[in-house]
Amino acid sequence: NDASKNFKPHGIDIRKIDNTVWLYVISHNDAENKQEIITYKVFENHLEYIQTYTHPLIVSPNDISIAADASFY
C-alpha cells in the first residue's frame, strides 16, 4: 500500500531497532517532480508501508542512513 504511484527506488537502508526491522527507500518520483523517502516495517513474508516523507529541500538524495532512533539522514 505504498502511497507513491511512481515508485523508482534508488538508495536504501535497513536496520533493526529493538525488535522491529525498518526499510527506508529513496524514490525519485519524476512524474510528480518530487523526491520521496518511503518507510516500511519488514516482516518475514511482507513489507508494511508506514510513511512517505517529501520536502522541497530534499532535491536529489542518493543515499540514506537510518539512525538508532529511527530518524534518518
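This text goes with the structure placed above it.
These notes cover the structure that comes with them. Fair warning: this is a prediction, and the values are worked out from it, not measured in the lab. (Residues numbered from 1 in each chain as written. Predicted model: local features only at pLDDT ≥ 70, side-chain atom pairs only at ≥ 80, totals over all residues. Heavy atoms only, no water.)

A short note on the nonpolar core
(1) Moving on: Residues Ile17, Trp22, Tyr24, Ile26, Ile37, Ile64 and Ile66 constitute the largest nonpolar core, which totals seven residues.
(2) Moving on: The greatest single-element share of this core, amounting to three residues, is contributed by strand 2 (residues 20–29).
(3) Moving on: Discounting residues that sit within four places of it in the chain, Ile17 has contacts with Trp22, Ile66, Ala67, Ala68, Asp69 and Ala70. (Core = buried A, V, L, I, M, F, W, Y, C linked by side-chain atoms within 4.5 Å. Buried < 20%, exposed > 50% of the residue type's maximum accessible area, 1.4 Å probe, protein only. Helix = DSSP H or I, 4+ residues; strand = E, 2+ residues; numbered from the N terminus. Contact = heavy atoms within 4.5 Å.)

Regarding the sheet that holds strand 3 (residues 34–42)
(1) Moving on: Read across the sheet, four strands follow the order 1-2-3-4 without closing on themselves; strand pairing throughout is antiparallel. The two strands at the open ends of the sheet, each matched to only one other strand, are strand 1 (9–17) and strand 4 (47–53). Between one strand axis and the next, the sheet turns through 20° on average, direction left out of account.
(2) Moving on: Sheet topology places strand 1 next to strand 2; seven bridges connect them, and they run antiparallel. Looking at the pairing, Lys16 lines up with Val21 of strand 2. (Pairing = 2+ DSSP bridges. Axes fitted to C-alpha atoms, helices over the stretch in contact; angles between N-to-C directions.)

Details of unusual backbone geometry
(1) Moving on: Residue Asp18 is not a glycine yet carries a positive backbone phi of 55°.
(2) Moving on: For Asp18, the position within the fold is in the loop between strand 1 and strand 2.
(3) Moving on: With a phi close to 55°, Asn33 is a non-glycine residue in the positive phi region.
(4) Moving on: As for its placement among the helices and strands, Asn33 is situated in the loop between strand 2 and strand 3.
(5) Moving on: Assessed through its relative accessible area of 72%, Asn33 is described here as exposed.

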